[in-house]
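Read off the chains here:
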Amino acid sequence: MLRTEIVRGLANLLAVVDSSNALDVVERVYRELTRQSGEVKIPEVLDCYQKFMLAYNSTFTNIERQVIKSLDVGEFADAEWWSVVIAAAGGATKSPDAAATIGRPLYRLRFAVDYLPSLITLLKRDTDPDIRALQAEIYAGGNRPGHLILILPEEIGKFSSPARVAAAIESVAILYEAFAELNVQSTTDLVLNSCDSGLDKVFEFRGLNDLIEKVKGLLLDLWDNVIYYREKRFAERLELSARNLRVLADIAALEEKNLLQKERAELLRRKFIAGATKFFETGSSIPEMDKFSSYLPRQLLAPKETLLLQGRGG
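Please read all numbers here as calculations on a predicted model, not as lab measurements. (Residues numbered from 1 in each chain as written. Predicted model: local features only at pLDDT ≥ 70, side-chain atom pairs only at ≥ 80, totals over all residues. Heavy atoms only, no water.)

Engineer: Can you explain the packing of aromatic side chains? Please cite residues and give values.
Structural biologist: What the rule picks out here adds up to 12 aromatic pairs. Taking the centre distance of 4.7 Å and the plane angle of 45 degrees together, the rings of F76 and W81 count as tilted. In this pair, the class of F76 matches that of W81, namely buried. Ring geometry for Y228 against Y229: centres 4.9 Å apart, planes inclined by 85 degrees, an arrangement best described as edge-to-face. Classification of Y228 as exposed rests on a relative accessible area of 64%. Through a chain of ring-to-ring contacts, the aromatic side chains of Y49, F52, Y56, F60, F76, W81 and W82 assemble into a single cluster. Positioned above the aromatic ring of Y56, the side-chain terminus of R65 is 4.6 Å from the ring centre. (Phe/Tyr/Trp six-rings, centres within 6.5 Å; stacked < 30°, edge-to-face > 60°. Buried < 20%, exposed > 50% of the residue type's maximum accessible area, 1.4 Å probe, protein only. Lys NZ or Arg CZ within 6 Å of the ring centre and 35° of its normal.)

This is the structure:
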């Protein structure tokens, strides 16, 4: 699980607890049950239950569900547990352990709500968007203007060699620089904004918005070629995908109109092919590839075996 996913999962859980009023409502049921004058009405409990379960069943990802499990407050997503809460609120329960059944997860959630904001602050980096933005942001921040997310997928038991990580980062740098040179813009604005890892490794780049969008467009073009040539063997698929990029045809057109010198055109062609080749060979992907195709980048953009190392116990 990525650090950004943990932060987003914790923030989303806090948001749902707040919007459903779950902590306050269940706490008042518990107080009423233990004769501490909680004063809660059945409609309040039903409304709270419906809001929390609706969020759990329709908006929670596997990350939020894993967070709930890890915090040991899974009862709040359990309809049977809520039936005990609702019965207690209506005064219909005679169960001697109802107070303990409700109280244990209530105390754990109270502790989590009190301390999770501080934990989120520890986990967040200065380059991350604020917590509210994280709640609406797609996986690893894929759509922020001027930002590009590079994903290095990995499998259990296999690890990236330093050469793979370096080549993947370099692929984006090469493509960004090539577009900057083609458009006569600064080549020094690209920065590695943040990095993260769970099973996969994620790198976030920040640069000029128009150049970042051009790099994304080229990578999506490369992805289309990979899909088209998917039946070819690795080496042939790699060559065909990199050499049939639209940007190469654009360069040829500029060269034909004498808007680009022959030597400069050839250097740019080599840069674009080199950047696309490194991206392909390292098995890299960007989140946008998942959104525009039914194929999985993890399968069609598998890295060269020489760039992976077998995991060893130690």
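Now that the structure has been shown, we can carry on.
Engineer: A description of the nonpolar core should follow, citing residues and the corresponding values.
Structural biologist: The biggest cluster of nonpolar side chains holds 42 residues, and the ones touching the most others in it are L148, L150, L218, L219, V247 and F272. Setting aside residues no more than four positions away along its own chain, L218 makes contact with L175, F179, L245, V247 and F272. The next biggest cluster of nonpolar side chains, apart from the first, holds 37 residues, and it includes A11, L14, V85 and L106. (Core = buried A, V, L, I, M, F, W, Y, C linked by side-chain atoms within 4.5 Å. Contact = heavy atoms within 4.5 Å.)

Engineer: Go over the sheet that holds strand β3 (residues 191–197) with me, naming the residues and quoting the values.
Structural biologist: The strand order β1-β4-β3 describes an open sheet built from 3 strands, whose pairing is antiparallel. In the strand order of this sheet, the two ends are held by β1 (147–152) and β3, each with one partner. Adjacent strand axes in the sheet meet at a mean angle of 20 degrees when their direction is disregarded. Of the pairings in the sheet, the one linking β1 to strand β4 (residues 201–206) comprises 6 bridges and is antiparallel in character. Directly across from L148, in β4, lies its bridge partner F205. (Pairing = 2+ DSSP bridges. Helix = DSSP H or I, 4+ residues; strand = E, 2+ residues; numbered from the N terminus. Axes fitted to C-alpha atoms, helices over the stretch in contact; angles between N-to-C directions.)

Engineer: Residues and numbers for the pattern of salt bridges, please.
Structural biologist: Taken as a whole and judged by the stated rule, the model has 21 salt bridges. The salt bridge partner of E75 is R108, with a shortest N-O separation of 3.3 Å. With E75 in the loop between α4 (62–70) and α5 (79–89) and R108 in helix α6 (residues 98–123), this residue pair connects regions lying 33 residues apart in the sequence. The exposure class assigned to E75 is partly exposed, which follows from its relative accessible area of 23%. Look at R108 and you get partly exposed, because its relative accessible area is 26%. (Salt bridge = Lys/Arg side-chain N within 4 Å of Asp/Glu carboxyl O.)

Engineer: Explain the pairing of β1 to me, and be specific about the residues and the numbers.
Structural biologist: On a regular strand, one side chain projects to one face of the sheet and the next to the other, so that they alternate. Summarising burial for β1: 6 of the 6 residues are buried, a large majority. Neither face of β1 is open: one carries H147, I149 and I151, the other L148, L150 and L152, and all of them are buried.

Engineer: Which residues make up the confidence of the model for the protein chain, and what values go with them?
Structural biologist: On average, residues of the protein chain score 84 in pLDDT, and 88% of them reach the 70 mark or higher. For residues 131–141, every residue scores under 50 in pLDDT, and the model assigns this stretch 27 contacts once sequence neighbours within four places are set aside. (pLDDT = per-residue confidence, 0-100.)

Engineer: Describe in detail the environment of V85, supporting the description with residues and values.
Structural biologist: When you line up the elements, V85 lands in helix α5. For the pair formed by V85 and Y30, sequence separation is 55 residues and the distance between their alpha carbons is 8.2 Å. What V85 contacts, discounting residues up to four positions off in sequence, is V26, V29, V45 and I102.

Engineer: So what about the side chain of E154? Which residues, and what values?
Structural biologist: Within the element layout of this structure, E154 appears in the loop between β1 and β2 (158–160). Separated by 3.1 Å, the side chains of E154 and K201 make a polar contact. If near-sequence neighbours (up to four positions away) are discounted, E154 is found in contact with F159, S160, R164, L199, D200, K201 and R298. (Polar contact = N/O pair within 3.5 Å; in protein donor to acceptor, adjacent residues only side chain to side chain.)

Engineer: Break down the environment of I151 for me, with residues and values.
Structural biologist: If you trace the backbone, I151 turns up in strand β1. It is 9.0 Å that separates the C-alpha atoms of I151 and A168, two residues lying 17 residues apart in sequence.

Engineer: How would you sum up unusual backbone geometry? Please name residues and give values.
Structural biologist: The backbone of D72 shows a phi angle near 60 degrees, a positive value even though the residue is not glycine. Here D72 lies in the loop between α4 and α5. Owing to a relative accessible area of 42%, D72 belongs among the partly exposed residues under this scheme. Positioned with a positive phi, N258 is a non-glycine residue whose angle comes to about 60 degrees.

Engineer: Give a detailed account of the packing of helix α11 (residues 246–256) against helix α12 (residues 262–281), specifying residues and quantitative values.
Structural biologist: For the pair α11 and α12, interaxial distance at closest approach is 10 Å and the crossing angle is 180 degrees. In terms of their interaxial angle, α11 and α12 are classed as roughly antiparallel. Residues V247, L248, I251, A252 and E255 of α11 touch α12, and the partners they reach there are K262, A265, L268, R269, F272 and I273. The residue makeup of the contact of α11 with α12, split by class, is 8 nonpolar, no polar and 3 charged. (Parallel < 35°, antiparallel > 145°, perpendicular 65-115°, else oblique. Nonpolar A, V, L, I, M, F, W, Y, C, P; charged D, E, K, R; others polar.)

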